[in-house]
Amino acid sequence: MTDKPETERTDCFALPSPDNTRIAYVKAAGRISETWHTPDCPALAIMEINWEEGSKRVKEQDEWAKGVFPAAHGRLRHAAAAIPADAAAQPFVAALTELVQAQADTTGFVVLHRWAEILERHSPPQLPDPDHHRG
């Protein structure tokens, strides 16, 4: 066993107790795992610091995005309006513009089925031509 400084120690062999903290999480396979930590556990302190820092970063990023999004969205709409309707890129531009608007209309994320609806509308699949005969 190696001797690590106390601040690097990440093992905590605490057992369930009203004084201890339970951390539960779902693993990729859907299995729930849990660990228990004593109030003075360095690993718990590190996790809490990381959670707080992560939360702070997300709030800062969100505030920044709320500040720049309206102007960026306006520039996209302006650029999209300048593209000729018969341009080859028009379906892509129309889909992108609608997706950005859908994002602007929500406080969360545009869900996958909404993405699929928008993309299908602007880039429908090429159906076979029943009048085209192979000769």
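The shown structure was predicted, so the numbers you read here are calculated from the model rather than taken from an experiment.

K.L.:
It is not clear to me how the overall build of the chain should be interpreted in this structure. Could you clarify?
P.N.:
For the chain, the count of helices and strands is 3 helices and 2 strands. When the helices and strands of the chain are read in sequence order from the N terminus, they spell out β-β-α-α-α. Per-residue burial for the chain yields a buried fraction of 17% across its 135 residues. Expressed as a percentage of contacts within the chain between residues at least 6 apart in sequence, the contacts between residues at least 24 apart total 30%. Carbon and sulfur atoms provide 60% of the accessible area of the chain, an area that totals close to 11100 Å².

K.L.:
In this structure, what is going on with the pattern of salt bridges? I would like to understand it.
P.N.:
Should the charged atoms of two oppositely charged side chains come close, the side chains can pair. Going through the model one piece at a time under the given rule, you end up with 5 salt bridges. E98 is the salt-bridge partner of R121, the closest N and O atoms lying 2.2 Å from each other. Taken as a pair, R121 in helix 3 (residues 112-122) and E98 in helix 2 (residues 90-104) lie far apart in primary sequence, 23 residues in all. You can call R121 partly exposed: its relative accessible area is 46%. E117 is the salt-bridge partner of R114, the closest N and O atoms lying 3.3 Å from each other. One end of the pair is R114 and the other is E117, both in helix 3 and 3 residues apart, which spans about a single turn. Residue class for E117 comes out partly exposed when judged on its relative accessible area of 38%. Among the charged side chains, a salt-bridge network with shared partners connects E98, R114, E117 and R121.

K.L.:
Help me understand the pairing of strand 1 (residues 21-26) in this model?
P.N.:
Successive side chains on a regular strand alternate, one facing one side of the sheet and the next facing the other. Direction of pairing for strand 1 relative to strand 2 (residues 32-37): antiparallel, over a ladder of 6 bridges. Along strand 2, the bridge assignment pairs R22 with W36. The turn linking strand 1 back onto strand 2 is made up of 5 residues, and G30 within it adopts a positive phi angle of 90°.

K.L.:
Quick question: what am I supposed to make of the layout of surface pockets here?
P.N.:
Taking a probe equal in size to a water molecule and rolling it over the atoms shows the remaining empty space. Of the pockets and cavities examined, the largest pocket occupies roughly 340 Å³. Residue lining of the largest pocket: Q61, D62, A65, K66, V68, F69, P70, Q103, A104, T106, T107 and G108, and that is the complete set. Elements with a contribution of two residues or more to the lining of the largest pocket: helix 1 (42-81) and helix 2. The greatest single-element share of the lining of the largest pocket, amounting to 7 residues, is contributed by helix 1. Along the lines of polarity and charge, the residues of the lining of the largest pocket split into 5 nonpolar, 5 polar and 2 charged.

K.L.:
Which parts of the structure should I look at to understand a negative patch on the surface?
P.N.:
Residues E48, E52, E53 and E60 make up a contiguous surface patch of negative charge. With respect to the element layout, E52 can be found in helix 1.

K.L.:
Would you explain helix 1 in this entry?
P.N.:
Three- or four-residue spacings in an α-helix give side chains the same orientation, since the helix completes a turn every 3.6 residues. Here helix 1 spans 56 Å end to end across 40 residues, near enough to the 58 Å set by a 1.5 Å rise per residue. A maximum bend of about 40° is found in helix 1 at F69, where proline P70 lies one to four positions downstream. Within helix 1, burial applies to P42, A43, L44, G54, H73 and A80. Each element contacted by the buried residues of helix 1 is listed here: strand 1, strand 2 and helix 2.

Reading the values: the criteria
Residues numbered from 1 in each chain as written. Predicted model: local features only at pLDDT ≥ 70, side-chain atom pairs only at ≥ 80, totals over all residues. Heavy atoms only, no water. Helix = DSSP H or I, 4+ residues; strand = E, 2+ residues; numbered from the N terminus. Buried < 20%, exposed > 50% of the residue type's maximum accessible area, 1.4 Å probe, protein only. Contact = heavy atoms within 4.5 Å. Areas by Shrake-Rupley, 256 points an atom, 1.4 Å probe, with all protein chains shown as cover. Salt bridge = Lys/Arg side-chain N within 4 Å of Asp/Glu carboxyl O. Pairing = 2+ DSSP bridges. 1 Å grid on protein atoms, 1.4 Å probe; cavity = no way out; pocket = protein on both sides within 12 Å on 5 of 7 lines; lining within 4 Å. Points joined across faces, edges and corners; volume = space filled by probe spheres on them. Nonpolar A, V, L, I, M, F, W, Y, C, P; charged D, E, K, R; others polar. Patch = residues over 30% accessible without salt bridge, like charges linked within 9 Å, V, L, I, M, F, W, Y side chains within 5 Å. Lys, Arg positive; Asp, Glu negative; His and termini not counted. Charge placed at Lys NZ, Arg CZ, Asp CG, Glu CD. Expected span 1.5 Å × (residues − 1). Bend = angle between axes of the 7 residues up to and from the residue.

Structural measurements only, silent on function.
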